[in-house]
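# Report on the structure
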Amino acid sequence: MQEFFIPCDEIRLHAKLDMPEGAEKCPLTIVIHGFTGHMEERHIVAAAKAMNEAGAATLRVEMYGHGQSGGRFEDHTLYKWVTGALAVVDYAKTLDFVTGLYLCGHSQGGLLTMLVAGMKRGDFKAIIPLSPAWMIPDGAREGNLLGQGFDPLHIPDMLESGERKLNGNYIRVAQTIHVEDEIRRYNGPVLIVQGDADEAVPLEYARRAAELYADAELVVVPGDTHCFDHHLEMMTGAVKDFLMRQS
Ligand code: FER
């Protein structure tokens, strides 16, 4: 394992690179956590390990305001995450050992994966959104996020999310994002995995994404939660199987 920071404008993004056993040249999967998450979460570590077993290196990265990366949580927005992810992809493309790139993210990281795949459509062999939270822009426009209601035309300066605070700019940014446009711009293979007892993201969104993408597989994990608390091995198995089938 190699641990380092990837520069992105004035901040540093914390990263860990894990190589598959015995590989000199191999594909690389960028793996990104969700809202309030980080790279050592059980489901993130497990997904990365499955990818290593499938012969791909993994680059786990923490986004703005999360984990050991720069920025404050309360100041993060989806634009800042997009800017960070674009920098990470550009960094990954400079690595000599990389034979091809994949992008994987969980929840808000899954939404990010869908956006960046549309923006950098030629750069990925495939993408893997896990429980992708692509209802966030709709919720921001409808006035329903973080389990609370607000007036979408009069967004408060600061929101409370559990014990954390979040700047209203998070919502202002999210309101401008139209995920369907980026789904339409990406034609490569997609694997979506989500539990049917996800308490944070409606499964309906995964089904709709799978229909809208030109080339998507959806694996629904029966009885599982947002972070795959009950059947982690079904999520990792689906990821491993999918990667081994990509040429
Ligand atoms: C929300 C529901 C889920 C929300 C964010 C999420 C900002 C993201 C969850 C995750 O990334 O795990 O209402 O509002």
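Scroll up to find the structure this text is about.
First, a word on what this report is: a plain description of the structure on this page.

Rules of the game
Residues numbered from 1 in each chain as written. Predicted model: local features only at pLDDT ≥ 70, side-chain atom pairs only at ≥ 80, totals over all residues. Heavy atoms only, no water. Pairing = 2+ DSSP bridges. Helix = DSSP H or I, 4+ residues; strand = E, 2+ residues; numbered from the N terminus. Axes fitted to C-alpha atoms, helices over the stretch in contact; angles between N-to-C directions. Contact = heavy atoms within 4.5 Å. Expected span 1.5 Å × (residues − 1). Buried < 20%, exposed > 50% of the residue type's maximum accessible area, 1.4 Å probe, protein only. Polar contact = N/O pair within 3.5 Å; in protein donor to acceptor, adjacent residues only side chain to side chain. Right-handed = clockwise from strand over helix to strand, strands pointing away.

Turning our eyes to something else, we now look at the sheet that holds strand β1 (residues 2-8). Read from one edge of the open sheet, eight strands run β1-β2-β4-β3-β5-β6-β11-β12, paired in mixed fashion. The two strands at the open ends of the sheet, each matched to only one other strand, are β1 and β12 (216-221). Neighbour-to-neighbour, the strand axes of this sheet turn through a mean angle of 20°, independent of strand direction. Both β1 and strand β2 (residues 11-18) contribute to a ladder of seven bridges, which runs antiparallel. Each bridged residue has a counterpart across the sheet, and for Phe 5 the counterpart in β2 is His 14. Together, β1, β2, β3 (26-32), β4 (57-61) and β5 (98-106) form the strand contacts of helix α2 (residues 78-92), whose direction differs from that of β1 by roughly 120°. Contacting β3, β5, β6 (126-130), β11 (190-195) and β12, helix α8 (residues 232-245) runs over the sheet at an angle of about 175° to β6.

Attention now moves to α2. Taking 1.5 Å of rise per residue, the 15 residues of α2 would be expected to cover 21 Å, and the 21 Å separating its terminal C-alpha atoms lies within 8% of that figure. For α2, the set of buried residues is Leu 78, Trp 81, Val 82, Gly 84, Ala 85, Ala 87, Val 88, Val 89 and Ala 92. The N-capping residue of α2, defined by a side-chain oxygen 3.3 Å from the backbone nitrogen of Tyr 79, is Thr 77.

Each regular strand displays side chains that alternate between the two surfaces of the sheet. With five of five residues buried, β6 is to be regarded as a mostly interior element. Burial along β6 is two-sided: the residues Ala 126, Ile 128 and Leu 130 and Ile 127 and Pro 129 are all buried. Two elements, β5 and β6, share five bridges in a ladder whose sense is parallel. Among the inter-strand pairings, Gly 105 is bridged to a residue of β6, identified as Pro 129. Each parallel crossover has a hand, and the one from β5 via helix α3 (residues 108-119) to β6 is right-handed. In the sheet, β6 pairs with β11 via two bridges, with the strands oriented parallel. Counterpart to Leu 130 in the pairing with β11 is Val 193.

Don't take any of this as a statement about function, it's just geometry.
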